Number of protein chains: 2
Amino acid sequence: MDKRVGKKTVVFQNPPEIIGGYNVVGPKEGKGPLNAHFDYVLPDTYYGKKTWEKAESAMIEMAMNEAVKKHKLAADDIDYVLAGDLLNQNTTSNYALRQIGRPFIGMFGACSTMALTAAVGAMLIDGGFAGKVLCATSSHHETAESQFRMPTEHGNQRPLTAQWTVTGAGCLVLGKGESGSGQGATIHITAATLGCAIDYGQTDANHMGASMAPAVADTLLGHFYDMGTGPESYDLIVSGDLGNLGLELLKELLDKSGFHTLDNIQDCGCLIYSADQDVHAGGSGCGCSAVVLSGYLLDRLRKKELRKILFVGSGSLHSKDSLLQGESMPGIGHGVVIEVMDH
Amino acid sequence: MDKRVGKKTVVFQNPPEIIGGYNVVGPKEGKGPLNAHFDYVLPDTYYGKKTWEKAESAMIEMAMNEAVKKHKLAADDIDYVLAGDLLNQNTTSNYALRQIGRPFIGMFGACSTMALTAAVGAMLIDGGFAGKVLCATSSHHETAESQFRMPTEHGNQRPLTAQWTVTGAGCLVLGKGESGSGQGATIHITAATLGCAIDYGQTDANHMGASMAPAVADTLLGHFYDMGTGPESYDLIVSGDLGNLGLELLKELLDKSGFHTLDNIQDCGCLIYSADQDVHAGGSGCGCSAVVLSGYLLDRLRKKELRKILFVGSGSLHSKDSLLQGESMPGIGHGVVIEVMDH
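Our next topic: the domain arrangement of chain A. Residues and elements named next belong to chain A. Considered domain by domain, chain A is made up of domain 1 (18–175) and domain 2 (185–342). Each of domain 1 and domain 2 was reduced to a C-alpha centroid, and the two centroids are 18 Å apart. Counting the surface lost from both domain 1 and domain 2, the interface buries some 4100 Å², and carbon and sulfur atoms represent 65% of this. Area buried by domain 1 at its contact with domain 2 is led by Ile 18, Cys 111 and Gln 163, which between them contribute 18% of it. The tally of links between domain 1 and domain 2 comes to 20 residue pairs in polar contact (both at pLDDT 80 or more). Broken down by secondary-structure element, the contributors of at least two residues to the side of domain 1 that touches domain 2 are strand S3 (17–25), helix H1 (27–30), helix H4 (113–126), strand S7 (132–139), helix H5 (141–148), strand S8 (164–165) and strand S9 (168–175). If you tally residues by element for the side of domain 1 that touches domain 2, the top one is H4, at nine residues. The residue inventory of the side of domain 1 that touches domain 2, partitioned by class, reads 29 nonpolar, 18 polar and six charged.

Written out as structure tokens, the structure is:
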């Protein structure tokens, strides 16, 4: 059966259920406005490890293990783990996966990885290839700063356009949805629109919102076109980590395409920190949208404060080396529709 | 419909067809024994670009574009591009995808990426989410040396256990298989077994065969167990890029598990260079198994010299940074069964 709608979108035949999730954040994120929605707040950014890289790997491992335990599953119940991160050669995920012992699909979508893994994970379940999957990603402020910009120890001043990489790891458990029968309501991924690499020529690694906004706009417009919908069809459209400036650019781009600015657009990078936390343009990193989705957004869906959201992870597809070679920063946006279904 | 068999394997209901492929290699690979099976041999390793990284990106872009053209398709016929590579943040693929303009699923499997993208691409087609997909990957000797070991300009001596990273890019076009009707025979992906991250504690980046062999053995044994088969069920079992030493280790591990050494096991890293090309332990890199599969192996399947092969891509999941922090090198093996089907 063909599940494609239009040129970029798929609609699931038996929408996979988001059984639940687990997230771990750093101390700064724990002091932010979404504190009540995090499962575990680290006391410090080292998590008992000698390096920040090892701490990040331990965080994603914890998120995966605890997500399995929290939903009374065993590792053996998981058919595939879809995971990726920002570090060179995906090492955060790779090293964590040694301990999980289940087939591993490594993915790269930069900061859009939560949405990418959720979209592909849902396809594997709806396609009959998996009963349950884990979708996980992470970022760590100190590992990202050192790899993409300057080591934290360098103490350089950040421009106001810069976003603050979230220290956090999030994991979703997706399943076939048979647990839904008998319960009041369950949460499902009903459609997915994967994005293209879009490059508007932005070259400033301290202004990633500008590289990602056009890609998110492209995915949103593609989704609206394929589905015959518009922003008004969703209780909330939530982008991954455009930050304050990127979100403004997204609204401008949508506006120019005839979808006028609405109150129901938000961004995980704007939600995760409060104004007094001095993060400049907002949060970023794979962990940003991962912990906001697996915590705050799932909680609001469970309470039926939101019943249908369009979650579009956003990523900037550059490396430090590519920028040093004079390249620009292509962006990407991957979207999933998440809905509450009553039984 | 549940397509899972055993704990790790899926069997496709309507086995996706390998419509064809295209590959590009560097001059050294072009002088090797598989020369007749390459579509394009670069005159030099720069391909008219200022850096080797840009050359690698141009190579994978060429492989994707030419694969589409060669099979009389348009970019718009492609529903998803699944691609990944060895460079930090997947930049080879990311920058190439700007030009392709189709939804992009970024993947990371280190040198196993050809098999990983083929397995997941086949799932997306058999699951009803795509009509046609591209599966592509690449590596470049000079970009890999600089990133994982020492810059080529450094001129350091390579130990005899080291493999030579292949300069090459390969792309497969997968489709639903409707083109098969009326033709004599077509080539299909009939099953897939995705692997786990397996770590035997190997730490030497100049001996990657030893980190990958246990992971390939684990995937092969899992596949045999799930399918109730053994090595004798396949005309050829071909690993990704274990090299001479890794292939010996794989045979030893299989032997100890009761699957005694057979003539029908080969390795892409052993096939791609001749003994007089002085590559020490053989070829490696994502491009190695990609160009051997999309060239030599597809050609032999087309001629029906081989009718059923088990292709297991192998990857070492480390980074230079992780080794500097004292980590070992987990390996991974992803397998697909490729069969000729008569009509």
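We now examine unusual backbone geometry. For His280(A), which is not glycine, the phi torsion reads 65° and is therefore positive. Positionally, His280(A) belongs in the loop between helix H8 (268–271) and strand S13 (283–284).

Mapping chain B onto chain A is achieved by rotating through 180° and translating by 0.0 Å along the same axis, at an RMSD of 0.0 Å. Taken together, the rotation and translation describe the operation of a two-fold axis. Of all interface residues in chain B, 100% are interface residues in chain A too; the two copies therefore contact each other through one and the same surface.

Each partner contributes to the interface: chain B provides 61 residues, whereas chain A provides 61 residues. Taken over both partners, the interface formed by chain B and chain A buries close to 5100 Å², and the fraction arising from carbon and sulfur atoms is 53%. At the surface where chain B touches chain A, the tally comes to 10 salt bridges. Across the pair Glu327(B) and Arg98(A) runs a salt bridge whose closest N-O atoms are separated by 3.4 Å. Where chain B packs against chain A, one counts 44 residue pairs in polar contact (both at pLDDT 80 or more). Contributing elements (two or more residues each) for the side of chain B that touches chain A: helix H2 (52–70), helix H3 (91–100), strand S6 (104–106), helix H4 (113–126), helix H5 (141–148), helix H10 (320–324) and strand S15 (331–342) of chain B.

The final tally for this structure, using the stated rule, is eight aromatic pairs over all chains. With a centroid separation of 4.9 Å and 50° between ring planes, the pair formed by Phe224(B) and Phe259(B) is classed as tilted. Here Phe224(B), found in helix H6 (residues 208–227), pairs with Phe259(B), found in the loop between helix H7 (243–256) and strand S12 (265–267); they are 35 residues apart in sequence, far enough to count as distant. Judged by its relative accessible area of 2%, Phe224(B) is buried. The ring of Tyr80(A) is capped by Arg4(B), whose NZ or CZ atom sits 5.3 Å from the centre of that ring. Here the basic side chain of Lys28(B) rests over the ring of Trp164(B), its NZ or CZ set 4.3 Å away from the ring centre.

Turning to the packing of helix H2 (residues 52–70) of chain A against helix H3 (residues 91–100) of chain A, a few remarks are in order. Residue and element names in this part refer to chain A. Two elements in contact, H2 and H3, have axes whose closest approach is 8 Å; the angle formed by their N-to-C orientations is 50°. Looking at the two axes, H2 sits oblique to H3. Relative to H3, H2 is oriented so that their crossing is right-handed. Between H2, through Glu 56, Ser 57, Ile 60, Glu 61, Met 64 and Asn 65, and H3, the contact on the second element is made entirely by Thr 91, Thr 92, Ser 93, Tyr 95, Ala 96, Leu 97, Gln 99 and Ile 100.

Here we come to the side chain of His318(B). Relative to the helices and strands, His318(B) resides in the loop between strand S14 (308–316) and H10. Residue His318(B) is classed as buried on the basis of its relative accessible area, which comes to 2%. Within the structure, His318(B) has its side chain in polar contact with the side chain of Ser316(B) (distance 2.9 Å). Apart from the residues lying within four places of it in its own chain, the contact partners of His318(B) are Gln89(A), Thr91(A), Tyr95(A), Phe148(B), Ala205(B), Met208(B), Leu323(B) and Met329(B).

Conventions and cut-offs
- Numbering of residues starts from 1 in each chain and follows the order in which that chain's sequence is written.
- Each chain takes a letter, starting from A, and each ligand takes a number, starting from 1, following the order in which they are written.
- This being a predicted model, a pLDDT of at least 70 is required before a residue's local features are given, and a value of 80 or more before pairs of side-chain atoms are given or counted; all residues contribute to the totals for chains, interfaces and linings.
- Where side-chain values are given, they derive from all heavy atoms of the structure, hydrogens and water being excluded.
- Note that the domain bounds reflect an automated or database-derived domain assignment.
- When two components associate, each loses some accessible surface as probed by a 1.4 Å sphere; the sum of these losses over both components is called the buried area.
- The definition of a polar contact used here is a pair of N or O atoms within 3.5 Å, where within protein one atom must be able to donate a hydrogen and the other to accept one, and adjacent residues in sequence count solely through side-chain atom pairs.
- Elements are defined by DSSP. Helices are runs of H or I of four residues or more, strands are runs of E of two residues or more, and each kind is numbered from the N terminus.
- When residues are grouped by polarity, Ala, Val, Leu, Ile, Met, Phe, Trp, Tyr, Cys and Pro land in nonpolar, Asp, Glu, Lys and Arg in charged, and all others, Gly among them, in polar.
- A least-squares fit on C-alpha atoms brings the copies together, and the residues used are those whose pLDDT is at least 70 in both copies.
- In this description, contact between two residues means that some pair of their heavy atoms is separated by no more than 4.5 Å.
- When a carboxyl oxygen of Asp or Glu is within 4 Å of a side-chain nitrogen of Lys or Arg, the pair counts as a salt bridge.
- Working definition: a ring pair exists when centres of Phe, Tyr or Trp rings (six-membered ring for Trp) sit within 6.5 Å. Plane angles under 30 degrees give stacked, over 60 give edge-to-face, the rest tilted.
- Buried, partly exposed and exposed residues are distinguished by accessible area as a fraction of the type maximum, computed with a 1.4 Å probe on protein chains only: under 20%, between the cut-offs, and over 50%, respectively.
- Only when the NZ atom of a Lys or the CZ atom of an Arg is both within 6 Å of the ring centre and within 35 degrees of the ring normal do we say a charge sits over the ring.
- Lines fitted to C-alpha atoms define the axes here, with helix axes fitted over just the stretch in contact, and angles between the N-to-C directions of these axes take values from 0 to 180 degrees.
- Here is the rule for angles: anything less than 35 degrees is roughly parallel, anything more than 145 is roughly antiparallel, 65 through 115 is roughly perpendicular, and the remaining ranges are oblique.
- With the far helix as reference, a near helix turned anticlockwise by less than a right angle produces a left-handed crossing, and one turned clockwise produces a right-handed crossing.

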